[in-house]
Amino acid sequence: DTAVSQTPKYLVTQMGNDKSIKCEQNLGHDTMYWYKQDSKKFLKIMFSYNNKELIINETVPNRFSPKSPDKAHLNLHINSLELGDSAVYFCASSQVQGEAFFGQGTRLTVV
Amino acid sequence: TQLLEQSPQFLSIQEGENLTVYCNSSSVFSSLQWYRQEPGEGPVLLVTVVTGGEVKKLKRLTFQFGDARKDSSLHITAAQPGDTGLYLCAGGRAGYALNFGKGTSLLVTP
């Protein structure tokens, strides 16, 4: 039973489109995250969210927006996709300052 | 954002050799974690260190947290091809998401 699952695993789309990546965790964790891993393997925090607070990395364009229908889900919506958005996006969850459990990643390719 | 610098960025060694990977920061962390990531997968936690000077061992892997809780090292003894992967350190501070270093890509050849 997968702890953190995200879909789709691969996403190829054209510039200008809007797309969403879904994430679900069944660990009962309070906090969920979205990370972006670029071609150089650098894992950069985009958002962290619990049921009280959304913390946004100030370098993330406002075309990216997290949406949490409930505690177990944190989806990532991206508007007006650009070539530079191509990367692997990871969802993760944790208890406060605990081990982060990661999903398998979504490889986004914008053409 | 607290910067974590990892070195070396790339490491290619032969089976049986020893190696050390370093993780340094100018910030103090309440905890420091080491993750290993394989191609096509998300990072998986290896260890968490929380006390300055702490040493933890995981089979052939030895992790150390600096006395000032600003740096850490990962030492692998007698590396094996199965150790190949991307090793990431991540610093934790209360109220902040984990902040990752840029990783050390390790290749162990038979």
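Visitor: How would you explain the sheet that holds strand β1 (residues 4–7) of chain B if you had to name every residue and give the values?
Guide: All names here are of chain B. Read from one edge to the other, the open sheet built from five strands follows the order β1-β3-β8-β7-β6, with strand pairing classed as antiparallel. If you trace the sheet from one side to the other, it starts and ends with β1 and β6 (55–58), each paired once. Adjacent strand axes in the sheet meet at a mean angle of 15°, parallel and antiparallel pairs treated alike. Of the strand pairs in this sheet, β1 and strand β3 (residues 19–25) are connected by four bridges, and their pairing is antiparallel. Within β3, the position partnered with S7 by the bridge is Y22.

Visitor: Describe in detail the pairing of strand β5 (residues 44–49) of chain B, supporting the description with residues and values.
Guide: Residues and elements named next belong to chain B. One ladder, built from five bridges, connects strand β4 (residues 31–37) with β5; its direction is antiparallel. Following the sheet pairing, R36 is matched in β5 by V44. Linking two consecutive strands that pair antiparallel, namely β4 and β5, is a turn of six residues; a positive phi of about 80° is found at G40 within it.

Visitor: Residues and numbers for the pairing of strand β5 (residues 43–49) of chain A, please.
Guide: Residue and element names in this part refer to chain A. Within β5, five of the seven residues are buried, which leaves the element mostly enclosed by the surrounding structure. Looking at chain direction, strand β4 (residues 31–37) and β5 are connected through six bridges and run antiparallel. Bridge pairing in β5 links Y33 to S48. Hairpin connection between β4 and β5: a loop of five residues separates the two successive antiparallel strands, and K41 in this loop has a positive phi of roughly 75°. In this structure, β5 lies alongside strand β6 (residues 54–56), joined through three bridges in antiparallel fashion. If you follow Y49 over to β6, its bridge partner there is L54. Counting the residues in the hairpin turn of β5 and β6 gives four residues.

Visitor: Could you give an account of the packing of aromatic side chains, with specific residues and numbers?
Guide: Both the distance between ring centres and the angle between the ring planes are used here to describe each pair of aromatic rings. The tally for this structure, following the rule as stated, stands at nine aromatic pairs over all chains. Plain terms: the ring middles of Y33 of chain A and Y35 of chain A are 6.1 Å apart, the flat faces sit at 45° to each other, and that makes the pair tilted. Each of the two residues, Y33 of chain A as well as Y35 of chain A, counts as buried. Measuring from ring centre to ring centre gives 5.4 Å for Y35 of chain A and F100 of chain B, while their planes differ by 90°; the resulting arrangement is edge-to-face. Taken as a pair, Y35 of chain A in strand β4 and F100 of chain B in strand β10 (residues 99–100) lie in two separate chains rather than in one. Given a relative accessible area of 2%, F100 of chain B falls into the buried group. Taken together, Y33, Y35, F90 and F102 of chain A together with Y35 and F100 of chain B form an aromatic cluster joined through their ring pairs. Of note, K102 of chain B hangs over the ring of F42 of chain A, and the distance from its end group to the ring centre comes to 5.4 Å.

Visitor: Can you break down the interface of chain A and chain B residue by residue, with the values?
Guide: Taken together, the contacts link 19 residues of chain A with 22 residues of chain B. Interface of chain A and chain B: buried area, both sides summed, is about 1,600 Å²; carbon and sulfur atoms make up 51% of it. Across the chain A-chain B interface, the total number found is zero salt bridges. For the pair chain A and chain B, the number of links is five residue pairs in polar contact (both at pLDDT 80 or more). Among the elements of the structure, β4 and β5 of chain A are those that each provide at least two residues to the side of chain A that touches chain B. Considering only residue class, the side of chain A that touches chain B consists of nine nonpolar, six polar and four charged.

Visitor: Got a sec to walk through the state of the cysteines? Specific residues and values, please.
Guide: Summed over all chains, the structure comprises two disulfides over all chains. One disulfide bridge connects C23 of chain A with C91 of chain A, the sulfur atoms lying 1.8 Å from each other. Taking the torsion about the S-S bond as the criterion, the C23 of chain A to C91 of chain A disulfide, at about -75°, is left-handed. With C23 of chain A in strand β3 (residues 19–25) and C91 of chain A in strand β9 (residues 87–94), the pair connects residues that are 68 residues apart, well separated along the chain. On the accessibility criterion, C91 of chain A (0% relative accessible area) is buried. Each sulfur of the disulfide joining C23 of chain B and C89 of chain B lies 2.0 Å from the other. Taking the torsion about the sulfur-sulfur bond, which here is approximately 75°, the covalent link between C23 of chain B and C89 of chain B counts as right-handed. With C23 of chain B in strand β3 and C89 of chain B in strand β9 (residues 85–92), this pair connects stretches of sequence that are 66 residues apart.

Cut-off values and rules
Residues numbered from 1 in each chain as written. Chains lettered and ligands numbered in written order. Predicted model: local features only at pLDDT ≥ 70, side-chain atom pairs only at ≥ 80, totals over all residues. Heavy atoms only, no water. Pairing = 2+ DSSP bridges. Helix = DSSP H or I, 4+ residues; strand = E, 2+ residues; numbered from the N terminus. Axes fitted to C-alpha atoms, helices over the stretch in contact; angles between N-to-C directions. Buried < 20%, exposed > 50% of the residue type's maximum accessible area, 1.4 Å probe, protein only. Phe/Tyr/Trp six-rings, centres within 6.5 Å; stacked < 30°, edge-to-face > 60°. Lys NZ or Arg CZ within 6 Å of the ring centre and 35° of its normal. Contact = heavy atoms within 4.5 Å. Buried area = accessible area lost by both parts, 1.4 Å probe. Salt bridge = Lys/Arg side-chain N within 4 Å of Asp/Glu carboxyl O. Polar contact = N/O pair within 3.5 Å; in protein donor to acceptor, adjacent residues only side chain to side chain. Nonpolar A, V, L, I, M, F, W, Y, C, P; charged D, E, K, R; others polar. Disulfide = S-S within 2.5 Å.

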